[in-house]
Every structure is written in C-alpha cells, then in structure tokens.
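The lines below spell out each chain.
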Amino acid sequence: MARLQSFWPLSLAALGGLFGWLQPAPAIPPDHQGLCRTETAGGVDYIVCDVPLDRYAVMLRSEDAAGQPYETFAKAAASVGDRRLRLIMNAGMYHEDRRAVGLAVQDGRVLKQAVRGTGSGNFSMQPNGVFFIENGKAYVRDTERYLSGNHTPELATQSGPMLLIDGRLHPRFIDGSDSRYVRNGVCASEDGRTVRLVLSRKPVNFWDFATFFRDRLGCRDALFFDGKVSSLYYPGSGIDYRRDRLGPMLVVIDRD
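Quick summary incoming for the structure in this document. (Residues numbered from 1 in each chain as written. Predicted model: local features only at pLDDT ≥ 70, side-chain atom pairs only at ≥ 80, totals over all residues. Heavy atoms only, no water.)

## Some details on the overall build of the protein chain
Alright, step 1. Helix and strand content of the protein chain: four helices and 17 strands.
Alright, step 2. Dimensions of the protein chain, computed from C-alpha atoms along their principal axes, come out at roughly 50 × 45 × 40 Å.
Alright, step 3. With 256 residues in all, the protein chain has 57% of them scored as buried.
Alright, step 4. Intrachain contacts of the protein chain at a sequence separation of at least 6 include 72% that bridge at least 24 residues.
Alright, step 5. Accessible surface, the protein chain: about 11,200 Å² in total, of which carbon and sulfur atoms supply 47%.
Alright, step 6. Each charge class in the protein chain was averaged separately, 32 positive and 29 negative side chains, and the resulting centres sit 2 Å apart. (Helix = DSSP H or I, 4+ residues; strand = E, 2+ residues; numbered from the N terminus. Buried < 20%, exposed > 50% of the residue type's maximum accessible area, 1.4 Å probe, protein only. Contact = heavy atoms within 4.5 Å. Areas by Shrake-Rupley, 256 points an atom, 1.4 Å probe, with all protein chains shown as cover. Lys, Arg positive; Asp, Glu negative; His and termini not counted. Charge placed at Lys NZ, Arg CZ, Asp CG, Glu CD.)

If you want it as structure tokens, here you go:
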C-alpha cells in the first residue's frame, strides 16, 4: 500500500534537516497546573491543551497589517500587545511563502477563501476540513459541510485531512502504517465551549493519532493541522518548540 505522505513542498534543509524532526517536544511535569497536560496512549505521549472559551480568547494569526505572514512565535505574540499570552500553535498548512493553503479568517476578515483541494498531498485527502469559531463556540467540520452553511466566523483555518468525521476515522487511514511524524491537530468539545489542541511528542501515524482524539478525548470531529513542522509555544511550562518558520498560528490569551 502507498504510504501517506505529508503535504509539504519545502526541502529538508528548509525544515531544519531530518534530525531536527526527531527531537521530541519538552515534557510537561505531572504536577503542572495549567491549560496543557501530557497523556499517554499506545506508548506515545501527547500534549493536550484544553482551552475553555469563556476564559480564554483564541485568535488566528496568519498575516500582519502589511499582509505579511507572521512566521514566528515572537511576531505572533507581539500582535496581541500586553494581553497575557497563554499558548501558540501552528494551525493549518501553508505554501512556501508561509501563506495559508486554504481558508483563513482572522479577526472576522477573510484573508483566503476555502479551497476543496485536488492535489495528491494530505491537504487534498478528502475529506479535508475547517476549524472555526463562530458566536463564541468552536467547531470542526469537513469542508463540504462548512461550505454548505451560511457561516460568518471570527476565526477559521482550513487543513486536511479530517482525522474524524462524525466519530469515524478518515477512510484512507491505515492501521499499523509506518508513515509516522510528530503531528498536531484540533477538535472541540460537544457543546463547542472548549477547544482541544493536541501535539504528539513522538512520531505517530494517522490511525493512532485519530484514535487518540476519538477514544481518549471523546471527539466526534477532529482536524489534522500538520506534521513534521508541528510546533507549540507554551510559556506556562517553558515550552518553546518551533521547528520551522510557520504559516497560520492559533494564539490563546486571557479574556479581558
């Protein structure tokens, strides 16, 4: 069977080299009290960050006021001024110029329209999907379902493939696949009031990654953000884990 390949046009050198991919994200101490924690399933540690939307604001940072991609945690952090920053995570696939491949809605403004994806990479592995926040609630929907609705989100980012669709694993995932990368993704609680962000600390295949969302976190719909370049800034536990210049990012701050 063909291996599932990551959608990524950059060279190994641009990604920091193969060996850089093998470095795990720092661990979160078991007694840490905060948004993020470590959970283990199938011998793999996952960093799980639960973000209740009544206490924290989640924003997309894709392009600055001049229309330039932010690319780094530092620039994304600077964009929120003196508001207390809780975490930043990469959030969707991007082109070599770091602009979003698919839908990007930042502060209610559409920067890039949705695309269905017709290539051979992960983004185009149908169904792909959209993570969005609208009227104070978070959702993950496959792209066709999202486009069939009349949505006006304050935040949206598109990626692919979907990890879970209505509780089912993506039909192209393979149990036992040897295509393993550090991966990250997102789902929302059933009531839409909590965003759940996940980063594997070790390489994992799509099947196991999606199963973690379903069986451990109880998600019904979940979206893959990326692999190889998956990154997290979580100052509450001293994590500054960025493996490349980034495209769209999710920024979490305290609500006023």
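## Regarding the sheet that holds strand 12 (residues 183-188)
Alright, step 1. One open sheet holds the seven strands; their spatial order is 1-2-13-12-14-10-11, and the pairing between them is antiparallel. Since the sheet does not close on itself, it has two edges, and those belong to strand 1 (36-41) and strand 11 (168-169), each with one partner.
Alright, step 2. Across six bridges, strand 1 lies against strand 2 (residues 44-52) in antiparallel orientation. Across the sheet, residue alanine 41 finds its bridge partner in strand 2, namely valine 44. (Pairing = 2+ DSSP bridges.)

## Some details on the sheet that holds strand 9 (residues 155-159)
Alright, step 1. Read across the sheet, five strands follow the order 6-5-9-7-8 without closing on themselves; strand pairing throughout is antiparallel. The two strands at the open ends of the sheet, each matched to only one other strand, are strand 6 (109-112) and strand 8 (137-142). The sheet shows a mean angle of 20° between the axes of neighbouring strands, direction not considered.
Alright, step 2. Relative to strand 6, strand 5 (residues 104-106) is paired through three bridges, and the arrangement is antiparallel. Counterpart to glutamine 106 in the pairing with strand 6 is arginine 109. (Axes fitted to C-alpha atoms, helices over the stretch in contact; angles between N-to-C directions.)

Any functional reading would require information beyond the geometric quantities listed.
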